[in-house]
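Residues per chain, in single letters:
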Amino acid sequence: MKPVPSVLFVLLMSLSTMAYAQSDAHMPAASDKATPSDAQKAFDKLKTLAGSWVGRLTTFPAEPSVDGNFAQFSLRVTSLGNALVHEMSISGRADHPVTMFYRDEDRLLLTHYCDAGNRPRMVATLSPDGKTLEFEFLDLSGGNNYGHMHHAKFTFIDENHHTEDWTWMVPGDKPVRAHFELQRTSAGSTSTN
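One structure accompanies this document, and this report is about it. (Residues numbered from 1 in each chain as written. Predicted model: local features only at pLDDT ≥ 70, side-chain atom pairs only at ≥ 80, totals over all residues. Heavy atoms only, no water.)

For the rest of this paragraph, the subject is the sheet that holds strand β3 (residues 83-90). Spatial strand order, β1-β2-β3-β4-β5-β6-β7-β8-β9-β10: 10 strands in a closed barrel with antiparallel pairing. The sheet shows a mean angle of 25° between the axes of neighbouring strands, direction not considered. Pairing geometry for strand β8 (residues 148-158) and strand β9 (residues 161-170), over 9 bridges, is antiparallel. Of the residues in β9, the one forming a bridge with Phe 154 is Glu 164. Helix-sheet contacts for helix α2 (residues 38-47) involve β2 (70-78), β3, β4 (98-104), β5 (107-113), β6 (119-126), β7 (132-141) and β8, and the interaxial angle to β4 is about 145°. (Pairing = 2+ DSSP bridges. Helix = DSSP H or I, 4+ residues; strand = E, 2+ residues; numbered from the N terminus. Axes fitted to C-alpha atoms, helices over the stretch in contact; angles between N-to-C directions. Contact = heavy atoms within 4.5 Å.)

As structure tokens, this is what we get:
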């Protein structure tokens, strides 16, 4: 019956080795890590927009059904800081599109869950001065019968003001740009009064 203790010892050593491999114990200390990637810097910048925002919509070319309408935005950091939820509502419209922002290795991506029934993904580039974050079309899941969101641009003005430009590509590759001049609401203020 001596083989049982030997087998038990080997089994326990194997389990502890697997647990160590899955833990962070073998990872470099935080002070040893390299500086944040461009994707992390862009994501950290985007997360500063968490809160509630309001503004007016301007479309190019003008779309009379929505041009000049009031818009409300809600941006919320979720999943322990690993995602940002972006929700938009425009007065006079029944839809409420949702966009998720997240890091994927060395890229910052967005997936836009569109009322057209599709899900375009875009990849971000932060300008050298850190004031503009642009998302370029990557791919599309779902149909394209009604068009798709093709480009997004966030311009950071100050902690209480930013603009968003979203480009919708209608069938036939005709762009329609939606421009939002946004102001943080007191409900979403970052001040500590």
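Moving on, we come to the pairing of β6. Across 3 bridges, β5 lies against β6 in antiparallel orientation. By the bridge assignment for β6, Leu 109 is matched with Val 123. Following β5, the chain reverses through 5 residues before pairing antiparallel with β6; Gly 117 in that reversal takes a positive phi of roughly 85°. Strand direction decides the pairing type here: β6 and β7, joined by 8 bridges, are antiparallel.

Within the fold, Ala 124 resides in strand β6. As for Ala 124 and Leu 109, which are separated by 15 residues in sequence, their C-alpha atoms are 6.1 Å apart. Leaving out residues up to four positions away in the same chain, Ala 124 has contacts with Leu 108, Leu 133, Glu 134 and Phe 135.

With 32 residues, the main nonpolar core has Leu 46, Leu 108, Leu 133, Phe 135, Phe 154 and Phe 180 as its most contacted residues. When residues no more than four places from it in sequence are discounted, the contact partners of Phe 180 are Arg 56, Leu 57, Ala 71, Phe 73, Met 88, Ile 90, His 162, Thr 163, Glu 164 and Trp 166. (Core = buried A, V, L, I, M, F, W, Y, C linked by side-chain atoms within 4.5 Å. Buried < 20%, exposed > 50% of the residue type's maximum accessible area, 1.4 Å probe, protein only.)

Quick look at the side chain of Thr 99 now. Along the chain, Thr 99 falls in strand β4. For Thr 99, a relative accessible area of 1% translates into the label buried. Engagement of the side chain of Thr 99 in a polar contact is seen with the side chain of His 112, the distance being 2.7 Å. Those residues in contact with Thr 99, other than ones at most four positions away along the chain, are Leu 84, Val 85, His 86, Leu 110, Thr 111, His 112 and Trp 166. (Polar contact = N/O pair within 3.5 Å; in protein donor to acceptor, adjacent residues only side chain to side chain.)

Relative to the helices and strands, Thr 59 resides in strand β1 (residues 51-60). On the accessibility criterion, Thr 59 (6% relative accessible area) is buried. Setting aside residues up to four positions removed in sequence, Thr 59 forms contacts with Val 66, Asp 67, Arg 177 and Ala 178.

Okay, the pattern of salt bridges next. Opposite charge on two side chains lets them pair, provided their charged atoms get close. Scanning the model with the defined rule gives 5 salt bridges in all. With its nearest N and O atoms 3.0 Å apart, the salt bridge here joins Asp 104 to Arg 107. Across the salt bridge formed by Asp 165 and Arg 177, the nearest N and O atoms sit 3.2 Å from each other. With Asp 165 in strand β9 and Arg 177 in strand β10 (residues 174-184), this residue pair connects regions lying 12 residues apart in the sequence. The class for Asp 165 is buried, based on a relative accessible area of 8%. Residue class for Arg 177 comes out partly exposed when judged on its relative accessible area of 35%. (Salt bridge = Lys/Arg side-chain N within 4 Å of Asp/Glu carboxyl O.)

Relative to β8, β7 is paired through 5 bridges, and the arrangement is antiparallel. Pairing of Glu 136 across the sheet is with His 151, part of β8. Hairpin connection from β7 to β8: 6 residues lie between these consecutive antiparallel strands, with Gly 142 at a positive phi of about 95°. Linking β8 to β9, which pair antiparallel, is a turn of 2 residues.

Glancing now at unusual backbone geometry. Phe 60 connects to Pro 61 through a cis peptide bond whose omega is -5°. Along the polypeptide, Pro 61 turns up in the loop between β1 and β2. Phi at Ser 79 takes a positive value of approximately 55°, unusual for a residue other than glycine. One non-glycine residue with positive phi stands out, namely Asp 173, at about 55°.

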